[in-house]
Amino acid sequence: MAIDLESIRAALDEEHGKLLAVLEDLGATEDGEIRDSEQFQHGFSDAAADTASRREILQQAGKAAEELEHVRHALARLDDGSYGVCEHCGKPISEERLEFRPISVWCIDCKRGAA
């Protein structure tokens, strides 16, 4: 069975949209930076709570931004025809791996070897 690139592209496009929405909801840019730091400029007594909130938002935004970059890389690989080929060894990535994790850039053997 061949890899269904259309369904993979659709799933990646959907994930791309979801990640952009998450970043927007967090008030963050696409690279994970908080757009409006004024939301954290309260009085001195709220400084600890602001710091904790900011740290949590930055962590969530950073994770979403990193995932967004992976999705964009996978979409670029679909566009240039290199999708499904291991970036490390050049062998095909298994269909099962790509179905489970469409943003995979390494085959399972190379991934295991890197761990």
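Everything that follows concerns the structure shown earlier in this document.
Our subject in this report is the structure included herewith. Everything numeric here is computed off the predicted structure, so don't read it as measured data.

Cut-offs applied
- Residues numbered from 1 in each chain as written.
- Predicted model: local features only at pLDDT ≥ 70, side-chain atom pairs only at ≥ 80, totals over all residues.
- Heavy atoms only, no water.
- Helix = DSSP H or I, 4+ residues; strand = E, 2+ residues; numbered from the N terminus.
- Buried < 20%, exposed > 50% of the residue type's maximum accessible area, 1.4 Å probe, protein only.
- Contact = heavy atoms within 4.5 Å.
- 1 Å grid on protein atoms, 1.4 Å probe; cavity = no way out; pocket = protein on both sides within 12 Å on 5 of 7 lines; lining within 4 Å.
- Points joined across faces, edges and corners; volume = space filled by probe spheres on them.
- Nonpolar A, V, L, I, M, F, W, Y, C, P; charged D, E, K, R; others polar.
- Patch = residues over 30% accessible without salt bridge, like charges linked within 9 Å, V, L, I, M, F, W, Y side chains within 5 Å.
- Areas by Shrake-Rupley, 256 points an atom, 1.4 Å probe, with all protein chains shown as cover.
- Salt bridge = Lys/Arg side-chain N within 4 Å of Asp/Glu carboxyl O.
- Lys, Arg positive; Asp, Glu negative; His and termini not counted.
- Charge placed at Lys NZ, Arg CZ, Asp CG, Glu CD.
- Core = buried A, V, L, I, M, F, W, Y, C linked by side-chain atoms within 4.5 Å.
- Disulfide = S-S within 2.5 Å.

A short note on the overall build of the chain
Part 1 of the argument: Across its full length, the chain carries 4 helices and 0 strands.
Part 2 of the argument: Along the chain, from the amino end to the carboxyl end, the secondary structure elements read α-α-α-α.
Part 3 of the argument: Every one of the 115 residues in the chain was classed for burial, and the buried ones make up 28%.
Part 4 of the argument: Of the contacts made within the chain by residues no fewer than 6 positions apart, 49% connect residues no fewer than 24 positions apart.

Thoughts on the layout of surface pockets
Part 1 of the argument: Within this model, the largest pocket holds a volume of roughly 210 Å³.
Part 2 of the argument: For the lining of the largest pocket, the class distribution of residues is 3 nonpolar, 3 polar and 3 charged.

Concerning a negative patch on the surface
Part 1 of the argument: Taken together, the side chains of Asp4, Glu6, Glu96 and Glu99 make up a negatively charged region of the molecular surface.
Part 2 of the argument: Secondary-structure assignment places Glu99 in helix H3 (residues 95–100).

Side note on the pattern of salt bridges
Part 1 of the argument: One pass over the structure, following the stated rule, counts 4 salt bridges.
Part 2 of the argument: Put simply, Lys18 and Glu14 hold a salt bridge, and the shortest N to O gap is 3.3 Å. Residue Lys18 and its partner Glu14 are both found in helix H1 (residues 5–26); the two are separated by 4 residues, about one turn of the helix.
Part 3 of the argument: Take Lys18: its relative accessible area is 45%, and that puts it in the partly exposed class.

A look at the nonpolar core
Part 1 of the argument: With 22 residues, the main nonpolar core has Leu12, Leu23, Val71, Leu78 and Tyr83 as its most contacted residues.
Part 2 of the argument: Ignoring anything within four residues of it in the chain, the contact list for Leu12 reads Val71, Ala74, Leu75, Leu78, Pro102 and Ile103.

Re the state of the cysteines
Part 1 of the argument: Considering all chains together, one arrives at 0 disulfides under this definition.
Part 2 of the argument: You can see Cys86 has no disulfide; the closest cysteine sulfur is in Cys89, sitting 3.7 Å from it.
Part 3 of the argument: Here Cys107 stays free of any disulfide, with the sulfur of Cys110 as its closest cysteine sulfur at 3.6 Å.
Part 4 of the argument: The class of Cys107 is buried, set by a relative accessible area of 8%.

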